[in-house]
Amino acid sequence: IIPYSCMLTMINSTLVVFEQPGVFIHLIVNPDEEDKLLSGTLSVYEHDTQVLSGTSSAVVASDATHVSPVQTQEITSELRQPSVSPEPNSSDPDWTVVADSNKHEDSFEMDVASSESQKTFPFKYDFTVDIEDLRYIRKSKKGLNWKYLVLELKDGANLPTLHFHEGGSKNFLKAIESYVMLAQSSKVTRTLEVMPHNNNALTQSFDELNLFECYDNVTDKNKTPISSAYSGLSKVTNYIQDFLNPAEVHYQTRPKHERATLVPDEATEAVGSSRIQIKQEEDTAGGFEMITCADLGPRSEPTRSLPINEEFWNNHKDEEGRIIDVDEVKRSIFRGGIDSNLRKEVWKYLLNYYIWDKTTAELKEHKEIKEENYYRMKMQWKSIDADQESRFTAISRENKSLIDKDVTRTDRTRIFYEGQENVSLKLLNDVLMTYCMFNFDLGYVQGMSDLLSPILEVMGSEVDAFWCFVGYMDIVQHNFDLNQRGMKVQLRDLHTLIQYMEPKLWDHLEEKESSNLYFCFRWLLIRFKREFSFEDIQTLWEVSWTGLPCRNFHLVMCLALLDTEKSSLMKEDCGFTEILKHVNEMSGKIELQATLRKAEGIYLQLAACRKDLPDSIRQILDL
C-alpha cells in the first residue's frame, strides 16, 4: 500500500454532507506484479449544485535517496479480491485499469517506473462530478473482503473503481439518495440506476392533482418550477426531484430488432420481463449467472369482517383496564376496522398516545401529564407579542402564515368545520401551532392539516387530538422532511412493486412519460386523505395503523388501485396529462373494502412465493 496525504477541497461555504477516508483506487501497472493502491477521501458536498468529490495525492517511491522514505506494505493474497484484471474494454470491471486514458477527458494517465528504475514519480488524481451527471452505480459482487463501487457517467465514461477498504459504501449511497433517486436496474445485475431531475413534470402533477390549491402566482424567473409551484408555502416542496425514469432522458441504444435477448419473447410475454431474475452465482466459474422466474401463483381475495364493537373491546380488557391480547385486537382491526363509537378511545392506543398495558388509573395519570405538557407548549407561542414575532426567523413567520391559510380551507364542507366563527377552526389552528413548538425543526408543512382534520373531529378535544396527531406524524413525518428522503424511498419502492407485479402497465407508463409516478404523489403524501370519503379514510387509517400485514401496506394499496384502473390507464390515448386527470377524477369514487381485499390478496400472493422473490420485494414487504 502506498500511503499519501489526503486533501479535501473546500469552496467558500461548501457544506460537506458525507466524507469517507480510506477509499482506494487500485493501480494495476503490471499484471505480473502486486497491485499498488492510491488512497484518498471520498466526499459528497453541497454547493450551488450537488457534487461528488474525490481528492487524493500520493508519491510512488522506490529506493531513491533524494525522496523522503515512505513506508510500504504489500497486498497479501488474503486481501486481494478473487478476480483478475480484465481487458481495458471489459464491460464488467472488478478493477479499473487507470492507465487507460482514452475513454473520457477526465480520465488520467500515469507513468509508473518498474522496480529496477530506481526513480520516483509523483502522482495525483482529483475528480469532481455533479451527482446528476451519474447514470449508473455498479456494486461489487458478494463474498469479497470489502465493497467497491463503479460510477458510470451519462456519456458512458467510468470513474476509477472506488474500493471501500474501511467500509462506508452504504453510507455513501445513502448520501447520494438525498439528492437523486437510486433504483435497482431491472436490466443489469448489481446495478443501481441514477434517476435525474425533472421539475416540470412534478409541477404539472401538482397542478392537475390540486395538491396545494391556493398558492400565489410567482413570476420570478430565477425560481425553479418547484419553488414557484409551492410559492414558499412549505419546505416539503423545495427539494423534490424526479425520482424515477424521466422520459426526456434518452440514452443511445440499439434498435429493438437488433438486440439479443437472454429469454425468449414467449416466456417474458407470459410473466412479464420484470419477473425474470438474473442472479449471480458465487460458485460458478467464469462469472456465469442463473436465470430464474418467480411463479406468483393464484391471487385470493380475502373476506373482510365487521368492525370491532364495544363488546369485543371490553372483552379484551382485564379488571384493571389493561388491554390484553393486543395482537388479536390489531388483527381484528385490520380485518374490519373500528366501530365509530369506539374510535375516540381505540385510536389513542393505535397512535401511541395511550399505552396498551397501563391500567385505567395509570392512564388517568398519564393523560394529566400529557395535558400539562400540551398547555405548556401552547403557552409558549400564545405568549409571544407582536414585537417578539417581528424578530422571528422567516421560517417561524412562514409557519404561522401557512397555518392561517390552510386552516381556512381544510374540510370546510364538513359540519364540524363549516362557518366563519367555528370554534373547531381555532382548535385546528392551535393544535398545528403547538406542533410547531413540539417539533421545532420540522415546523408546519402543507398537507399536515389534512392529516389532523379527521383526528380532531373524532377526538373532539384539542389535547387528545394533539397527542394522536403526534403519533401519526411519527409514522409519516419523513414525508415532510426537508430533503424529502421519505417520499423518495416510497416512490422508489412503489416503482419496484409496479415493475415486478404489473410489467405491462409499467412499460406503458414509461412509454407515456409517466414512470416518474407523480400521479401517486398525493396518495403517499397525505395517505389517501383526498381519495376516499371521510368515513372511509377513518377506516383505512385505523387499518394501516395496526402495521399489518407489513409496514408498507399503503404501497400495496397503491398497487391495488393501479390494478383496478389499469385498463383505463393503458389506453393508447392516455398520456401523462390524461393519467393525471384520471387519477384526480378517482377521488371520492373508490370502493374501500374492495380495494382492501385486493391489496391483501396481492400481499398474500407475494408472501406465498417469498423464496422466489427478489430481495428488493422481500425487503419492501417485510417477507
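Not measured: the values here are computed from a predicted model. (Residues numbered from 1 in each chain as written. Predicted model: local features only at pLDDT ≥ 70, side-chain atom pairs only at ≥ 80, totals over all residues. Heavy atoms only, no water.)

J.: It is not clear to me how unusual backbone geometry should be interpreted in this structure. Could you clarify?
T.: Excluding glycine, a negative phi dihedral is what most residues carry, and trans is how most peptide bonds are arranged. In this model, L548 is joined to P549 through a cis peptide bond whose omega is -10°. Backbone geometry at D325 places phi at a positive 50°, although glycine is not the residue there. You can see D325 is positioned in the loop between α5 (310-315) and α6 (326-336). Classification of D325 by relative accessible area gives partly exposed; the value is 40%. Even without being a glycine, F528 presents a positive backbone phi close to 65°. (Helix = DSSP H or I, 4+ residues; strand = E, 2+ residues; numbered from the N terminus. Buried < 20%, exposed > 50% of the residue type's maximum accessible area, 1.4 Å probe, protein only.)

J.: For this particular structure, what's the right way to read the packing of helix α8 (residues 360-382) against helix α11 (residues 423-438)?
T.: Packed helix pairs are characterised by how far apart their axes lie and by the angle those axes make with each other. Interhelical geometry of α8 versus α11 gives an angle of 90° and a closest axis separation of 9 Å. As judged from the angle between their axes, α8 and α11 are roughly perpendicular. Every residue of α11 that contacts α8 at Y374, M377, K378, Q380, W381 and K382 is listed here: K426, N429, D430, V431, M433, T434, M437 and F438. Considering only residue class, the contact of α8 with α11 consists of seven nonpolar, three polar and four charged. (Axes fitted to C-alpha atoms, helices over the stretch in contact; angles between N-to-C directions. Parallel < 35°, antiparallel > 145°, perpendicular 65-115°, else oblique. Contact = heavy atoms within 4.5 Å. Nonpolar A, V, L, I, M, F, W, Y, C, P; charged D, E, K, R; others polar.)

J.: Would you explain the pattern of salt bridges in this entry?
T.: Between side chains of opposite charge, a pair can form when the charged atoms approach closely. Evaluated as defined, the whole model comprises 28 salt bridges. E462 is the salt-bridge partner of K378, the closest N and O atoms lying 3.2 Å from each other. Note that K378 is positioned in helix α8 and E462 in helix α13 (residues 462-476), a separation of 84 residues in sequence. By the burial criterion, K378 is buried, and E462 matches it. (Salt bridge = Lys/Arg side-chain N within 4 Å of Asp/Glu carboxyl O.)

J.: What am I meant to see in a negative patch on the surface here?
T.: Among the surface-exposed residues, D357, E362, E365, E368 and E371 lie close enough to one another that they form a single negatively charged patch. If you trace the backbone, E362 turns up in helix α8. (Patch = residues over 30% accessible without salt bridge, like charges linked within 9 Å, V, L, I, M, F, W, Y side chains within 5 Å. Areas by Shrake-Rupley, 256 points an atom, 1.4 Å probe, with all protein chains shown as cover. Lys, Arg positive; Asp, Glu negative; His and termini not counted. Charge placed at Lys NZ, Arg CZ, Asp CG, Glu CD.)

Geometric descriptors of this kind do not, in isolation, establish any biological role.
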